[in-house]
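Close look at the chain arrangement
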Amino acid sequence: MNVTNRISRKLHVVTHGCQMNVYDSARMADVLRPLGYETVDSPAGADMVIMNTCHIREKAEEKVFSALGRLRVLKEESGGRMMIAVTGCVAQAESELILSRAPYVDLVVGPQAYHRLPELIARAHRTRGSVVDTDFPAAPKFDFLPEAAGHQGVIANLTIQEGCDKFCSFCVVPYTRGAEASRPAGSVLAEARRMAALGSREIVLLGQNVNAYHGAGADGAAWGLARLLDALAEIPGVRRLRYTTSHPADMDDELIAAHGRNPALMPFLHLPVQSGSDRMLAAMNRRHKADAFRRIVARLREVRPDMAFTSDFIVGHPGETDADFAATMALVRETGFALAYSFKYSPRPGTPAAALPQVDEAVKDARLQELQAELRRQQDAFNAATVGLTTPVLFTGAGRYEGQIAGRSLYAQPVVVESERLLTGEIHEVQIDFANPNSLLGSLQKERVAA
Ligand code: 5AD
Ligand code: SF4
């Protein structure tokens, strides 16, 4: 079978995990489009199904295998014609092991090899066997992947950095995504210009360690994230910028200053702290203390008083005592988060913490409940505090119900208003009338169009 023929084929992509995977899934569809693959919404009848996976916690991994079990049935119904590819971090981490648990999988492709998908598909067809490619090439995949082809919408993700050299005790990312690599500034700016020309108004810069960005500039010098954000803000049409995920140890003075001077930069930062105990932070190899996190928050609030924060927390990391957990609760109460994600520590094979004596499951459960109750209270309070305020909303398209349109606040909260016009891509002042747990309802302040 000659896969370079322009035959129409159906591609279904399932994405688990982080925004980086959402971005990678779109890039894989771009790579396969020249081969005739059109994306479809359902796996039934698809010629190729890609499961882009997440390995960060055990639950995420188990989800992959149960979804694969369901795909197996569809594959059998297709007489074996449907190809199944497992990509992402489970592919990288488990590699050949996936084939022993799910031998009907055709391709196992790590995040560094997506640009080789056409060649791997051809090889799988040719050999009628399974193909595994989880090598880490010397050159980062940025050098090979095509620029984003399609229009992502008013809000667009743009990967600028990949991988991580931090080696937190609990985390698989340095093993699955490899060493930290930054995309050259010129290539980021070119992609952002294209996105803006197609109608994107908000660009979310992605990277596992995005604030460690140090991409080569045209002048040969490495650009930090602050400089890149300043250059992105100059692009006509780019109205809003965000970046995620950051590490406290890389929040340098320049980046903090950028939050004060760059009006396109949203006053909202995802800054995982994981724990409020210095003893735990050391055990986690986090390279910063709890007070360093407090100082960053305070300095950002100084330069941008409307700044709000989200974070990640792990409870029950090996060695965590009641006193360590109390320090986490104290930090949470003191900081006040707009939103936060919290997880029970889950041992990941091959990471240092997995080999240590584990905290009792019931203790982990109790701590998680206590933390989540406080975080939920903070999230509700944050949303409730917006009621009555008038705030700029970037409209992204139609709402779920007739006559409604939807957009995002400065803090990425979904906002729904009634409007006869779609206003897609425009920013308008909205008075917030009501706060639901996960969205806000408001009314357009027609006479006051935001700058
Ligand atoms: N167990 C629990 N949570 C984890 N995370 C990463 N690895 C683990 C693990 N082994 C969480 C961290 C990270 C987020 C993306 O997932 O909080 O910031
Ligand atoms: Fe994982 Fe730590 Fe790197 Fe974040 S900084 S990706 S938690 S190793």
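Residues numbered from 1 in each chain as written. Chains lettered and ligands numbered in written order. Predicted model: local features only at pLDDT ≥ 70, side-chain atom pairs only at ≥ 80, totals over all residues. Heavy atoms only, no water.

1. Things to note about the sheet that holds strand 13 (residues 240-244)
By way of backbone hydrogen bonds, the strands of a sheet pair with one another, either parallel or antiparallel. Our working rule: Between any two strands, at least two bridges found by DSSP are needed for them to pair. Per the convention used, a helix needs a DSSP run of H or I reaching at least four residues, while a strand needs a run of E reaching at least two, with both numbered from the N terminus. To get an axis, fit a line to the C-alpha atoms, keeping to the stretch in contact for a helix; angles then go from 0 to 180 degrees between the N-to-C directions. Here a residue-residue contact requires only that any non-hydrogen atoms of the pair lie within 4.5 Å.
The parallel open sheet is built from three strands, whose spatial order is 7-10-13. What marks the edges here is a single partner per strand, and that holds for strand 7 (155-159) and strand 13. Taking each pair of neighbouring strands and ignoring which way they run, the sheet shows an average axis angle of 20°. As defined by bridge partners, strand 10 (residues 202-206) adjoins strand 13 across five bridges and the pair is classed as parallel. Bridge pairing links Leu-205 to Tyr-243 in strand 13. Sheet strands in contact with helix 1 (residues 19-32) are strand 7 and strand 10, and its direction is about 90° off that of strand 7.

2. Here's the deal with the site of ligand 1
Cut-off, in case you're wondering: Consider each residue's heavy atoms; a residue with any of them within 4 Å of a molecule or strand counts as near. Polar contact criterion, stated in full: a pair of N or O atoms within 3.5 Å, where within protein one must be able to donate a hydrogen and the other to accept it, and residues adjacent in sequence count only if both atoms are side-chain atoms. For every accessible area listed, the method is Shrake-Rupley and the probe measures 1.4 Å; residues are considered covered only by the protein chains on display. Amino acids outside the nonpolar list (Ala, Val, Leu, Ile, Met, Phe, Trp, Tyr, Cys, Pro) and the charged list (Asp, Glu, Lys, Arg) are all regarded as polar, and Gly is one of them.
Lining the immediate environment of ligand 1, one finds Ile-56, Arg-57, Phe-170, Gln-274, Asp-312, Ile-314, Phe-343, Lys-344, Tyr-345, Ser-346 and Arg-348. In the environment of ligand 1, a nitrogen atom lies 2.7 Å from a nitrogen or oxygen atom belonging to the backbone of Ser-346. In the complex, the protein chains occlude 88% of the 400 Å² of accessible area that ligand 1 would expose alone. Of all the secondary-structure elements, those providing two or more residues to the shell around ligand 1 are strand 15 (308-315) and strand 16 (339-344). Its residues assigned to classes, the shell around ligand 1 shows five nonpolar, two polar and four charged.

3. Topic: the nonpolar core
Our working rule: In this text, buried Ala, Val, Leu, Ile, Met, Phe, Trp, Tyr and Cys residues form a nonpolar core when linked through side-chain atoms within 4.5 Å. Whether a residue is buried, partly exposed or exposed follows from its accessible area with a 1.4 Å probe, protein chains only, as a fraction of its type maximum: under 20%, in between, or over 50%, in that order.
Among the nonpolar cores identified, the biggest contains 52 residues, and Leu-205, Leu-228 and Tyr-243 are the most heavily contacted of them. Setting aside anything within four residues of it in sequence, one finds Tyr-243 in contact with Leu-205, Val-210, Leu-225, Leu-229, Met-251, Leu-255, His-259, Leu-265 and Leu-269. Counting 20 residues, the second-largest nonpolar core is a separate cluster that includes Ile-50, Leu-117, Ile-121 and Val-131.

4. Points about the packing of aromatic side chains
Ring pairs (aromatic) are described by centroid distance and by the angle formed between their planes. We apply this condition: Within 6.5 Å between ring centres, the rings of Phe, Tyr and Trp (the latter by its six-membered ring) count as paired, and their orientation is classed by plane angle as stacked under 30 degrees, edge-to-face over 60, tilted in between. We count a charge as sitting over a ring when the NZ of a lysine or the CZ of an arginine lies within 6 Å of the ring centre and within 35 degrees of the ring normal.
As enumerated under the stated definition, the model contains five aromatic pairs in all. With 5.5 Å between their ring centres and 80° between their planes, Phe-167 and Tyr-175 make a pair best called edge-to-face. Given the relative accessible area of 36%, Phe-167 is considered partly exposed. Relative to Phe-337, the ring of Phe-313 has its centre 5.6 Å away and its plane inclined at 80°; by these criteria the two rings are edge-to-face. Of this pair, Phe-313 sits in strand 15 while Phe-337 sits in the loop between helix 12 (322-335) and strand 16, and the two are 24 residues apart along the sequence. Classification of Phe-337 as buried rests on a relative accessible area of 3%. Following the ring pairs from residue to residue traces out a cluster consisting of Phe-268, Phe-382 and Tyr-411. It is Arg-9 that lies over the ring of Tyr-37; its NZ or CZ is 5.4 Å from the centre. Geometry around Tyr-23 places Arg-27 over its ring, the cationic atom sitting 4.5 Å from the centre.

5. Re the confidence of the model for the protein
For clarity, the threshold we go by: A residue's pLDDT is the predictor's confidence in that residue, given on a scale from 0 to 100.
Per-residue pLDDT for the protein has a mean of 92; in total, 94% of the residues score no lower than 70. Note that residues 1-5 has pLDDT below 50 and, in this model, 10 contacts with residues that lie over four places away or in other chains. Confidence drops under a pLDDT of 50 for residues 447-451, and excluding neighbours within four residues, the segment shows 10 contacts in the predicted structure.

6. Digging into the site of ligand 2
Contacts to ligand 2 come from Cys-164, Lys-166, Phe-167, Cys-168, Phe-170, Cys-171, Val-173, Pro-174, Asn-209, His-247 and Arg-286. Within the shell around ligand 2, the residues separate by chemical class into seven nonpolar, two polar and two charged.

7. Some thoughts on the layout of surface pockets
For clarity, the threshold we go by: In the cavity and pocket records, a cavity denotes points on a 1 Å grid over the protein atoms alone where a 1.4 Å probe fits but cannot get out, a pocket denotes an open set with protein on both sides within 12 Å along at least 5 of 7 lines, and lining residues are residues with an atom within 4 Å of a point. Grid points are joined across faces, edges and corners, and a volume is the space filled by probe spheres set on the points.
Size it by volume and the second largest pocket reaches roughly 390 Å³. Taken together, 21 residues make up the lining of the second largest pocket; nearest its centre are Gly-80, Arg-81, Met-83, His-125 and Arg-128. Counting residues per element, the lining of the second largest pocket draws most heavily on helix 5 (residues 117-127), at four residues. Tallied by class, the residues present in the lining of the second largest pocket amount to nine nonpolar, five polar and seven charged.

8. Regarding the pattern of salt bridges
Rules: Any carboxyl oxygen of Asp or Glu within 4 Å of a side-chain nitrogen of Lys or Arg constitutes a salt bridge here.
Applying the stated criterion across every chain, the model contains 29 salt bridges. Note that Glu-374 is salt-bridged to Arg-377, the shortest N-O span being 2.9 Å. Of this pair, Glu-374 and Arg-377 are both found in helix 13 (residues 361-384), three residues apart, which corresponds to roughly one turn of the helix. The class for Glu-374 is buried, based on a relative accessible area of 11%. Two residues, Arg-376 and Asp-380, come together in a salt bridge whose shortest N-O distance is 3.1 Å. Here Arg-376 and its partner Asp-380 are both found in helix 13, four residues apart, which amounts to about one turn of the helix. Taking relative accessible area as the criterion, Asp-380 reaches 37% and is therefore assigned partly exposed. Through salt bridges that share partners, Lys-344, Glu-361, Lys-364 and Asp-365 make up one connected network.

9. What about the environment of Lys-289?
Topologically, Lys-289 is positioned in the loop between helix 10 (278-283) and helix 11 (290-303). Residue classification places Lys-289 among the exposed positions, given a relative accessible area of 56%. For the pair formed by Lys-289 and Ala-249, sequence separation is 40 residues and the distance between their alpha carbons is 9.2 Å. Apart from the residues within four sequence positions on either side, Lys-289 is in contact with Asp-278 and Leu-281.

10. What to know about the sheet that holds strand 14 (residues 268-270)
The strand order across the open sheet formed by three strands is 14-15-16, and the pairing between neighbours is parallel. Either end of the sheet is taken by a strand with one partner, and the two such strands are strand 14 and strand 16. Across the sheet, the mean angle separating the axes of adjacent strands is 10° when strand polarity is ignored. Alignment of strand 15 against strand 16, held across six bridges, turns out to be parallel. From the neighbouring strand, Asp-312 faces strand 16, where its bridge partner is Tyr-341.

11. Here we look at helix 7 (residues 185-197)
For the record, the criterion: Between the first and last residue of a helix there are one fewer steps than residues, each counted as 1.5 Å, and that sum is the expected span. Working note: the arc is built from the helix axis to C-beta atom directions.
With 13 residues, helix 7 should reach 18 Å at 1.5 Å per residue; the first-to-last C-alpha distance of 18 Å fits that figure. Along helix 7, the residues classified as buried are Ala-185, Val-188, Leu-189, Glu-191, Ala-192, Met-195 and Ala-196. One face of helix 7 carries all of its buried residues, which in axial projection span an arc of 165°. Contact partners of the buried residues in helix 7: helix 1, strand 7, strand 10, strand 11 (215-216), strand 12 (222-223) and helix 8 (225-233). Downstream of helix 7 by one or two residues, Gly-199 has phi in the positive range, about 115°.

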